[in-house]
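Listed here are the chains, written in short residue letters.
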12 protein chains.
Amino acid sequence: MAAIKSPLTEAAQKVTGDALQGALVDLIDLSLVAKQAHWNLTGRNFKVVHEHLDEIVDLARQGQDDVAERAVAIGVNPDGRVRTIADRTALPQLEAGYLDDDKVVAAVTDVLGQIIGRFRERVAATDEPDPVTQDLLIGITAELEKQHWMFQAQT
Amino acid sequence: MAAIKSPLTEAAQKVTGDALQGALVDLIDLSLVAKQAHWNLTGRNFKVVHEHLDEIVDLARQGQDDVAERAVAIGVNPDGRVRTIADRTALPQLEAGYLDDDKVVAAVTDVLGQIIGRFRERVAATDEPDPVTQDLLIGITAELEKQHWMFQAQT
Amino acid sequence: MAAIKSPLTEAAQKVTGDALQGALVDLIDLSLVAKQAHWNLTGRNFKVVHEHLDEIVDLARQGQDDVAERAVAIGVNPDGRVRTIADRTALPQLEAGYLDDDKVVAAVTDVLGQIIGRFRERVAATDEPDPVTQDLLIGITAELEKQHWMFQAQT
Amino acid sequence: MAAIKSPLTEAAQKVTGDALQGALVDLIDLSLVAKQAHWNLTGRNFKVVHEHLDEIVDLARQGQDDVAERAVAIGVNPDGRVRTIADRTALPQLEAGYLDDDKVVAAVTDVLGQIIGRFRERVAATDEPDPVTQDLLIGITAELEKQHWMFQAQT
Amino acid sequence: MAAIKSPLTEAAQKVTGDALQGALVDLIDLSLVAKQAHWNLTGRNFKVVHEHLDEIVDLARQGQDDVAERAVAIGVNPDGRVRTIADRTALPQLEAGYLDDDKVVAAVTDVLGQIIGRFRERVAATDEPDPVTQDLLIGITAELEKQHWMFQAQT
Amino acid sequence: MAAIKSPLTEAAQKVTGDALQGALVDLIDLSLVAKQAHWNLTGRNFKVVHEHLDEIVDLARQGQDDVAERAVAIGVNPDGRVRTIADRTALPQLEAGYLDDDKVVAAVTDVLGQIIGRFRERVAATDEPDPVTQDLLIGITAELEKQHWMFQAQT
Amino acid sequence: MAAIKSPLTEAAQKVTGDALQGALVDLIDLSLVAKQAHWNLTGRNFKVVHEHLDEIVDLARQGQDDVAERAVAIGVNPDGRVRTIADRTALPQLEAGYLDDDKVVAAVTDVLGQIIGRFRERVAATDEPDPVTQDLLIGITAELEKQHWMFQAQT
Amino acid sequence: MAAIKSPLTEAAQKVTGDALQGALVDLIDLSLVAKQAHWNLTGRNFKVVHEHLDEIVDLARQGQDDVAERAVAIGVNPDGRVRTIADRTALPQLEAGYLDDDKVVAAVTDVLGQIIGRFRERVAATDEPDPVTQDLLIGITAELEKQHWMFQAQT
Amino acid sequence: MAAIKSPLTEAAQKVTGDALQGALVDLIDLSLVAKQAHWNLTGRNFKVVHEHLDEIVDLARQGQDDVAERAVAIGVNPDGRVRTIADRTALPQLEAGYLDDDKVVAAVTDVLGQIIGRFRERVAATDEPDPVTQDLLIGITAELEKQHWMFQAQT
Amino acid sequence: MAAIKSPLTEAAQKVTGDALQGALVDLIDLSLVAKQAHWNLTGRNFKVVHEHLDEIVDLARQGQDDVAERAVAIGVNPDGRVRTIADRTALPQLEAGYLDDDKVVAAVTDVLGQIIGRFRERVAATDEPDPVTQDLLIGITAELEKQHWMFQAQT
Amino acid sequence: MAAIKSPLTEAAQKVTGDALQGALVDLIDLSLVAKQAHWNLTGRNFKVVHEHLDEIVDLARQGQDDVAERAVAIGVNPDGRVRTIADRTALPQLEAGYLDDDKVVAAVTDVLGQIIGRFRERVAATDEPDPVTQDLLIGITAELEKQHWMFQAQT
Amino acid sequence: MAAIKSPLTEAAQKVTGDALQGALVDLIDLSLVAKQAHWNLTGRNFKVVHEHLDEIVDLARQGQDDVAERAVAIGVNPDGRVRTIADRTALPQLEAGYLDDDKVVAAVTDVLGQIIGRFRERVAATDEPDPVTQDLLIGITAELEKQHWMFQAQT
């Protein structure tokens, strides 16, 4: 079974692969957190926030696929298995049960803020080793920051 | 914060809620397993299996949303958080690293076979307490069995 | 002028026809109630509730057509004339004039809850005499319960 | 709860509001009459007339929404509740049971002819007080007269 | 060459497989009968009936695919070969040559009525052994009965 | 360089041209005001009002194009340059910085109310000199009044 | 064979019918003139003018259908037969053979200018007898004047 | 002004050009005849025949464009001016006034039959001189014969 | 009941009608053979061949309709009844039960090769009597030969 | 009223915010300049340039929204009010009245050239402080330079 | 590795294969020539000619695929490698650097004229050996001649 | 004839222009190589690889257009003539005749690997002189590397 030959040097591949795997963990758990809130939401703004959360899910799912396929394209195996995500995620987790809309807006704002911090580090880290990966991470960061503004604006 | 008032009796709600939460765990992990294989696949049939796995992902994601929203519609909170899925999933997990196409086809056939077994139990269990939920579970079972046949036919 | 020949026995046709005619009355008045609220609504959540009410109208209009055409397919004449609906409807009626958004959300939640109760009785009643009609009623009940949850979650 | 401030003088608002409420009653009952015929139709031209009646339903439903939203836009509450329509409608009502296609074509031609007469009066009445409403009523009249010709041509 | 492993017990598989194979024969010949009439039709209602027959063809072709793929999904080989259909079909066959529109409407009404009778038996037979298959057969029966009403209404 | 030959008399062209140029100034500044609010908005209803404002932008941009092209079609040069709009606009201007959602709703209601007043004057002024232009202005007034109702209903 | 019963008085029907028949002659010949130029065009601006002429054809064909169907809707038989058009058209006719682009632009500008003159007379003539027809003629005039400006601007 | 240089010899161009000009006259008048019937039609089959006639109009208009553009492509100027069509058409002309549906069906069948006769001669005539034009004429003949069958089948 | 009047001489009609009826038998059985393989397929290339076979089904069904409607357009009744196809088909028939993908590819290549041989004879036979039918048969042959290459290329 | 919390340091936010506000002024006035030319254009290339200018308008409007939303996403309030644009724009302004096509092409080429110069400075300025904003500005620059080439190529 | 079995005799295959390979060389180089002009174009008609050239590219690319796939379908290997095209092309080549619009129009007219000459020879050559290929070549010739007229008309 | 004025300094223009011209040669030949394989392919994976190669063709054609238009936008004439590509291409060339699927997958993997090496050099070279061009080259590299992984994964 052939390994994928990387267009990068080993060192560049290591740094870039770590950035992509970290992004993958963030984005998979972001999609699960947003769905959990989407389903258990209550409150006067239910309808709007319920639908807004699915924009986060779409962003996170598209981002997952892009970073994971970028990883394998540079010869690094992405790991998106449930145990891996559960063990490595740094996202604050939601309570079980019904979730009030105001608290969800605050929580998502917080989660996005933390993920953005890590993405900006990944953008910096990949500048030298792989500008192609950096460009992908910049694009996802732009979308995360746009959503961060929109959730924050409702608080 | 108002709980959702169920159209079911408490007993019916309990049985139905358990069936839906079980289905949710199966379907979320199915989507993660299929994506893991989609990304790390190798082998002569790469292109076909890579694309076929995304049909499983679509089925599993649509099914997740349907069962979770059905749960809350009967007044039961679905739990789709990563830790919950990691702890409760009964799906055999994939190895890390590259995955050979033949092995993936066999593994997905096996995973689908196991999930189908549990869905058939849920269909039976919900017949009396909630025919509306049963109808939803029958629909998902039909799709799972169709994919089960198609993966199995390639082995 | 030929009557439509029913695929059902006379007894089964009677029970099923009654269930369908009852559903027709509920769904036609539901569409009128939802439009009345859609037009006369006021309040801070005007835009969201205004658009959400049109989802109820769409559901109710599609449902009307399905139950009425199912009735005639089993040889029973559906009656959707305005006098019939006005005389037989069991739905609580809205006040004339402007309608506050919170009150509309509560009223629609209540209306849907009552209709769902009657649909569940119709599902039970048609199980033996006509599983084809039952399947249609189950499908509409699922949609009504989904909307019931979404309106209730905003209260 | 704020009333909508009208762009019209009180007198103009009164005349225009009456015209719009009258149009609303005509159009809601037109949609119910057309659906009743759509469902209970029989005869050699069943398929064509069955589908043609849905064009009337579409026209009537679009027209309802336009006149009702125009009413509230000028500060008048539209009343489209079932009891109101049943009590005020001037449309000749259909018999219960199966309806022969030729008779349906004649009945719809007659109904449209009567509604057109009232719409032409409303067009005249709103010329001075509100040309914006008049323009809307002219547009609906044009469509009613087009359908009137097409039903009449088949008799 | 691997046989498809059935999710059903052998007994359930036998009953369900027979129901599906019977449905397949009915639906393939229905599509051929409807096409034969579509091509050789004459009469004043030619255009409408010509196009209406293609709705039957679409229904029958979609149904064929669904029942045949359901059969193989439960490990039973569907047989849709021309000799099989010719030998086993129970449908009354059309005359060669031009077909008058009134006679076609009557013949299709009759054909649909007979098929519906057999589908209702299959719905009953599969209730216990396989509710997933039953649900599929109920869906096709609903469509057949809708078309049965529409053809019958023109006679 | 050829001037466009007008289908109107000079006097009619003057009155009509003034009405159109006035409408152009209103509509261009309306689009800029709505975008300014769209970008700087905050508050619990952020998402809904943010998107609602883009409906105003679309209405205003489509209207601009229509009135400007109508002006040149009657031989009058529309002037939509930034200095012209800044000098002639009669719209109350927004503050710099963040804008609270409730205040935005009130401000847009007010802006639309003022523009509607001027459009109704233009409709009256063009009745004699150019019914073609009047018809265009009536159409835009209808849309402005619909939005005016919808913003007002949220206050 | 039934004549269509007009919603207009006989006098109003006469005036309105004449306006519509005149418009029909203009629009049918406009479509033929524009196609003749579309086919026989030459010159440096061939591609642009060739495609622009098809916008005229579309406008003229849509307009034909609208005025002819409006005529029959008020009980007047439209006459669009080739001999009628040839005998009654007032449009300046094109030369046979190749047509230079500049001359075509000038000719179309001239033709549109003449038609517009007659449409403005028809708008005035129908104001009292039939505002519904007037509204249709105003709409077509607006489009003709827009194209008139665009052709004129290129000369 | 440059004439278009033909890919054909002068003799071939002459024969082919005559065939195309003849086809153009037939197809333009066919579109006018079909529209005249479309507008003035009455009878029980009004709706079906009214819509069927627009299929003829579409066929005739698409064919016109194709034959005229083919003519100029081989250096022959097509002449589609109204006077030319009126003088050269060989189509039997319709009566003024209302047209009974049965008579229209018979008349269109007859018109199509005559045009087909001439197209078959043109197909034969162009076989040697220009197979490219012949292929175009064969395509149009196929469509005319399909419509001829469908109109004939209703008589 | 009127027979369709043919645009061909009796002799030409006979030859052409035979060619079309022969093509109809080939194409109907081709669609049944391809569906039988589509359903019962197994093997490593299952997914690709399963989908590829549906391209054959589409080609065969479109071709059936075209040749049958062409037959009736020239006054010949197509016969596509199941007994006729079963008795006259010359296609090698598939075994019952599961079908290995390699064998299916070989079998379809063989079936297409045989059909192509007969279509080339029909193209030759119709050259004189009816170039319109010949053009249709050429078009279907081109598609059959393209699929023949693509199946053959996989062997 | 909460300010948006920036993902940038204060210094980076200042530089980036200035670049975005400058871009906003350029792009809003570009859209107004292009529309002014779009409306008042004359000359032989009217149609092409008229439509080409709307591509500039689309580019400028999309760009406005992107830079303004990026500004608020980093916690800087964009200012797009008409007075601000009028006072700060550096774009050469068009004359009032008709505008010759050649002059418009030259003017737009010049305007685009100047804006591009400023965008390249903004790209350089944001490289360090915010690569996400830089990436957005690079994308807009690419489109501006493409249009600059296309306008320049026509001079 | 299996060669594709041809439906043609060896002699017919040779003649047809040569015609198709010749067509392939013409069409590949036509697409490259048109793209070269598309990119390097200047002049007042830049925009129109730039876009018109892409119609040639589309025609040439679609044609390439069709002739190459037809070649392999008859068992002849198409050769579209760059060296083959460079060595065998008979098309006059463009100069490097900017290309004036008038010269491009003249050059494309010339190129198309030459290719058309060779296509007409190929149409004649394939008449006997393979009418299926001939039909394909006729279709491409028709499109080439249409474009030849349109380019020529602008000179 | 005006040269396009570059937004770059002469030195930057030189480096950037060379990178773009090199990319153009790679991408044009890549599209020809992929088409040659698409047409002459054989082997068990024919269908999948045949279609996959067209994704490469699409990528290469879109890339060609983007790099060539970017070149002219910075004032450098792209050269995509067949002789230029044949002389300068560095791509390993395919054999004539049938091509086995496994060998094609290996060859395309190799070709993509070589092109990616050169694109990474061009990304590095344009970083300073033109970040706009660099961003375009990064985007194309990302797509090439994604395809490189997908072809490699099948080997």
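Residues numbered from 1 in each chain as written. Chains lettered and ligands numbered in written order. Predicted model: local features only at pLDDT ≥ 70, side-chain atom pairs only at ≥ 80, totals over all residues. Heavy atoms only, no water.

Comments concerning the overall build of chain A
Looking only at helices and strands, chain A features 5 helices and 2 strands. Its helices and strands in sequence order give chain A the pattern α-β-α-α-β-α-α, from N to C terminus. Against the globule reference of 15 Å for 155 residues, chain A gives a C-alpha radius of gyration of 16 Å, in line with a compact fold. Dimensions of chain A along its principal axes, counting C-alpha atoms only, are 55 × 30 × 20 Å. Burial statistics for chain A: of 155 residues in total, 66% are counted as buried. A separation threshold of at least 6 residues defines the contact pool for chain A, and within that pool the share at least 24 residues apart is 81%. Here chain A displays about 5100 Å² of accessible surface, and carbon together with sulfur accounts for 51% of that area. Where the 15 positive side-chain charges of chain A centre and where its 25 negative ones centre are 3 Å apart. (Helix = DSSP H or I, 4+ residues; strand = E, 2+ residues; numbered from the N terminus. Rg over C-alpha atoms; globule rule 2.2 N^0.38 Å. Buried < 20%, exposed > 50% of the residue type's maximum accessible area, 1.4 Å probe, protein only. Contact = heavy atoms within 4.5 Å. Areas by Shrake-Rupley, 256 points an atom, 1.4 Å probe, with all protein chains shown as cover. Lys, Arg positive; Asp, Glu negative; His and termini not counted. Charge placed at Lys NZ, Arg CZ, Asp CG, Glu CD.)

Details of the packing of aromatic side chains
According to the stated counting rule, one finds 12 aromatic pairs over all chains in the structure shown. Seen from their ring centres, phenylalanine 46 of chain D and tryptophan 149 of chain E are 5.7 Å apart, and the 75 degrees between their planes marks the pair as edge-to-face. Separated into two different chains, phenylalanine 46 of chain D in helix H2 (residues 46-73) and tryptophan 149 of chain E in helix H5 (residues 131-152) make up a pair that spans both. Both residues of the pair, phenylalanine 46 of chain D and tryptophan 149 of chain E, count as buried. Positioned above the aromatic ring of phenylalanine 119 of chain J, the side-chain terminus of arginine 122 of chain J is 5.1 Å from the ring centre. (Phe/Tyr/Trp six-rings, centres within 6.5 Å; stacked < 30°, edge-to-face > 60°. Lys NZ or Arg CZ within 6 Å of the ring centre and 35° of its normal.)

Details of the relation of the copies chain G and chain J
For the match of chain G to chain J, the screw axis carries a shift of 0.0 Å, the RMSD comes to 0.0 Å, and the turn is 120 degrees. In symmetry terms, the pair is related by a three-fold rotation axis. Among all residues of chain G, the one whose C-alpha sits closest to the rotation axis is valine 48 of chain G, at a distance of 4.2 Å. Here only 20% of the interface residues in chain G have copies in chain J that are interface residues too; the copies meet through unlike faces. (Least-squares fit on C-alpha atoms with pLDDT ≥ 70 in both.)

Describing the pattern of salt bridges
Across all of its chains, the model carries 198 salt bridges over all chains by this definition. Between lysine 35 of chain B and aspartate 54 of chain B there is a salt bridge, with the nearest N and O atoms lying 2.9 Å from each other. Residue lysine 35 of chain B is located in helix H1 (residues 10-40), and its partner aspartate 54 of chain B is located in helix H2 (residues 46-73); the two are separated by 19 residues in the primary sequence. As a salt-bridge pair, aspartate 101 of chain E and arginine 44 of chain D come within 3.6 Å of each other at their nearest N and O atoms. With aspartate 101 of chain E in helix H4 (residues 101-126) and arginine 44 of chain D in the loop between strand E1 (41-42) and H2, this residue pair bridges two chains. (Salt bridge = Lys/Arg side-chain N within 4 Å of Asp/Glu carboxyl O.)

Concerning the interface of chain A and chain B
On the side of chain B, 41 residues touch chain A, which itself brings 41 residues to the contact. Where chain A abuts chain B, roughly 3400 Å² becomes buried across the two surfaces, and 54% of that area is made up of carbon and sulfur atoms. It is Trp39, Val82 and Tyr98 of chain A in chain A that bury the most area against chain B; as a group they hold 24% of the surface buried on that side. Close ionic contact of aspartate 87 of chain B with arginine 83 of chain A constitutes a salt bridge, the shortest N to O distance being 3.6 Å. Linking chain A with chain B are 20 residue pairs in polar contact (both at pLDDT 80 or more), by the criterion used here. A per-element tally of the side of chain A that touches chain B places helix H1 (residues 10-40) of chain A first, with 9 residues. (Buried area = accessible area lost by both parts, 1.4 Å probe. Polar contact = N/O pair within 3.5 Å; in protein donor to acceptor, adjacent residues only side chain to side chain.)

Focus on the relation of the copies chain A and chain B
Overlay of chain A on chain B (RMSD 0.0 Å): rotation 180 degrees, translation along the axis 0.0 Å. Taken together, these values place the two copies in the relation of a two-fold axis.

Things to note about the interface of chain G and chain J
At the junction of the two partners, chain G supplies 10 residues and chain J supplies 11 residues. With both chains or domains summed, chain G and chain J bury close to 890 Å², and 54% of this area falls on carbon and sulfur atoms. Looking at the side of chain G facing chain J, the largest losses of area belong to Trp149, Ala153 and Gln154 of chain G, adding up to 44% of the total buried there. One can count 3 salt bridges joining chain G with chain J. With a closest N to O distance of 3.0 Å, arginine 44 of chain J and aspartate 102 of chain G form a salt bridge. Seen at the junction of chain G and chain J, the total is 4 residue pairs in polar contact (both at pLDDT 80 or more). When grouped by side-chain class, the residues that make up the side of chain G that touches chain J number 4 nonpolar, 3 polar and 3 charged. (Nonpolar A, V, L, I, M, F, W, Y, C, P; charged D, E, K, R; others polar.)

Observations regarding the nonpolar core
In this structure, Leu30 and Leu144 of chain K together with Leu30, Val67 and Leu144 of chain L are the most contacted members of the largest nonpolar core, which totals 113 residues. Apart from the residues within four sequence positions on either side, valine 67 of chain L is in contact with Leu20, Ala23, Leu24, Leu27, Leu136, Leu137 and Ile140 of chain L. (Core = buried A, V, L, I, M, F, W, Y, C linked by side-chain atoms within 4.5 Å.)

So, the side chain of histidine 38 of chain L
Here histidine 38 of chain L shows up in helix H1 (residues 10-40). Within the structure, histidine 38 of chain L has its side chain in polar contact with the backbone oxygen of histidine 50 of chain L (distance 2.8 Å). If we skip the residues at most four places from it in the chain, histidine 38 of chain L touches Asp65 and Glu69 of chain K together with His50, Leu53 and Asp54 of chain L.

Quick notes on helix H4 (residues 101-126) of chain I
The end-to-end C-alpha distance of H4 of chain I is 37 Å, a good match for the 38 Å that 26 residues give at a rise of 1.5 Å each. N-cap assignment for H4 of chain I: the residue whose side-chain oxygen lies 3.3 Å from the backbone N of aspartate 102 of chain I is aspartate 100 of chain I. (Expected span 1.5 Å × (residues − 1).)

Concerning the arrangement of the chains
Separating chain C from chain I is a minimum C-alpha gap of 25 Å, and the two share no contact. Contact between chain F and chain L is absent, and the least distance between their C-alpha atoms amounts to 25 Å.

As for the environment of leucine 20 of chain L
Residue and element names in this part refer to chain L. Looking at where leucine 20 falls in the secondary structure, it is placed in helix H1. Each C-alpha atom, one on leucine 20 and one on threonine 42, is 35 Å from the other, the two residues being 22 residues apart in sequence. If sequence neighbours within four positions are ignored, leucine 20 has contacts with Val67, Arg70, Ala71, Ile74, Thr133 and Leu137.

As for the UniProt feature "domain: Ferritin/DPS" (unreviewed entry) in chain A
Per the UniProt record, the feature "domain: Ferritin/DPS" (unreviewed entry) sits at residues 18-154 of chain A. Along residues 18-154 of chain A the backbone is 77% helical and 3% strand, and the end-to-end C-alpha distance reaches 34 Å. (UniProt positions renumbered as here; feature names shortened; annotations may be inferred.)

Examining the packing of helix H1 (residues 10-40) of chain J against helix H2 (residues 46-73) of chain J
Residue and element names in this part refer to chain J. Direction vectors running N to C along H1 and H2 enclose 160 degrees, while the axes themselves pass 8 Å from each other. With respect to their mutual orientation, H1 and H2 come out roughly antiparallel. In the crossing of H1 with H2, the sense of the turn from one axis to the other is left-handed. Taken together, the residues of the contact of H1 with H2 sort by class into 15 nonpolar, 5 polar and 4 charged. (Axes fitted to C-alpha atoms, helices over the stretch in contact; angles between N-to-C directions. Parallel < 35°, antiparallel > 145°, perpendicular 65-115°, else oblique. Left-handed = near helix turned anticlockwise from the far one by under 90°.)

Describing the confidence of the model for chain A
The predicted coordinates should not be examined in detail at positions where pLDDT is low. Averaged over all residues, the pLDDT of chain A equals 96, while 99% of them reach at least 70. Interface confidence in the predicted complex, given as ipTM, is 0.97; pTM for the same model is 0.97. (pLDDT = per-residue confidence, 0-100.)

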